[in-house]
Amino acid sequence: MNNKISRIRMLRECFAKEWLTKRDWAYALSEQIFRGKNYDKIEFKLNTKRILISIPEEFQLEIEQICKPHGSIFTPYFDYDFLACKVASNQSRFLDDPREDDFLWIEVKAGNSIPSKAQLKAKSKTPIPVKMCRVKGISNMSNDIFTEFSELKEMPDPKEDFPNFDDMKWRDF
């Protein structure tokens, strides 16, 4: 993989993780969930803390399906980058009773890229809300990065929905 693309991917994930952590959202990478193959309890991260979270039974099959990779074994890709769970800032290492509305799927995009058909299809099948983090200007290492959550209900028009090239925006799918 191209080093520049790899660095951009790491930076995108870093911005998303930082935003989530500052708002007490623990996160787990879809790839790690898939590798762990345990869908009733998943290890999430919040800064350096690891929190084992019990997953509501009605979400377990969905999480298993969404965390299955697509593509080849050499270049797998996942519907969404992270599963996030809202936790208290003083959360212990275990959370046995999260509420169903404490979960989010997170997808991180760069530039003007838009959700794939597979992502929109997965969104239509999940009761867990999906948020998209858009990082713009990262390829030219702009110092202006802005974070915003907003709703995305259909295929966006990049020129209308993302007019400020140097913004990092969060949107609901």
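None of the values given here were measured: they were computed from a predicted structure.

Novice: Help me out: how do you make sense of the overall build of the chain in this one?
Specialist: Secondary structure summary: the chain contains five helices and 11 strands in total. The buried share of the chain, reckoned over its 173 residues, is 42%. Considering only intrachain contacts with a sequence separation of at least 6, the fraction spanning at least 24 residues in the chain is 63%.

Novice: What exactly am I supposed to notice about the pairing of strand β3 (residues 49-54) here?
Specialist: When a strand is regular, its side chains alternate between the sheet's two faces. Across six bridges, strand β2 (residues 41-46) lies against β3 in antiparallel orientation. By the bridge assignment for β3, Phe 44 is matched with Ile 51. Sheet topology note: the β3/strand β7 (residues 94-95) ladder contains two bridges and is parallel. Bridge assignment links Ile 53 to a residue of β7, and that residue is Leu 95.

Novice: Mind showing me how you'd approach the pattern of salt bridges here?
Specialist: This structure, assessed with the given rule, holds seven salt bridges. Taking the shortest distance from any N to any O, the salt bridge between Arg 50 and Glu 43 comes out at 3.6 Å. Note that Asp 101 and Arg 99 form a salt bridge whose closest N and O atoms lie 3.1 Å from each other. Here the two residues Asp 101 and Arg 99 agree in accessibility, since each one is exposed. The network of salt bridges with shared partners includes Arg 99, Asp 101 and Asp 102.

Novice: Looking at this model, I keep getting lost on helix α3 (residues 57-66). Mind explaining?
Specialist: The α-helix winds at 3.6 residues per turn, so residues separated by three or four positions along the chain end up facing the same way. Along α3, the residues classified as buried are Phe 59, Glu 62, Ile 63 and Ile 66. For α3, the arc enclosing every buried residue in end-on projection is 105°, short of the 170-degree limit, so these residues lie on one face. Turned more than 90 degrees off the buried face of α3, the exposed positions are Glu 57 and Leu 61. Where α3 is buried, its residues meet α2 (30-36), β2, β6 (82-86), β8 (103-110) and α4 (117-124).

Novice: I tried to follow unusual backbone geometry on my own but got confused; where do I start?
Specialist: The bulk of non-glycine residues show a negative phi, and the bulk of peptide bonds are trans. With a phi angle near 60°, Asp 24 is a residue other than glycine that sits in the positive phi range. Within the secondary structure, Asp 24 is located in the loop between α1 (3-22) and β1 (25-29).

Novice: Would you mind showing me how to read the pairing of β1 here?
Specialist: Most of β1 sits out of view: five of its five residues are buried. Every second residue of β1 is oriented toward a common face, with Trp 25, Tyr 27 and Leu 29 on one face and Ala 26 and Ala 28 on the other, all of them buried. With five bridges connecting them, β1 and β6 associate as antiparallel partners. Looking across to β6, one finds that Leu 29 is bridged to Phe 82.

Parameters at a glance
Residues numbered from 1 in each chain as written. Predicted model: local features only at pLDDT ≥ 70, side-chain atom pairs only at ≥ 80, totals over all residues. Heavy atoms only, no water. Helix = DSSP H or I, 4+ residues; strand = E, 2+ residues; numbered from the N terminus. Buried < 20%, exposed > 50% of the residue type's maximum accessible area, 1.4 Å probe, protein only. Contact = heavy atoms within 4.5 Å. Pairing = 2+ DSSP bridges. Salt bridge = Lys/Arg side-chain N within 4 Å of Asp/Glu carboxyl O. Arc of directions from axis to C-beta.

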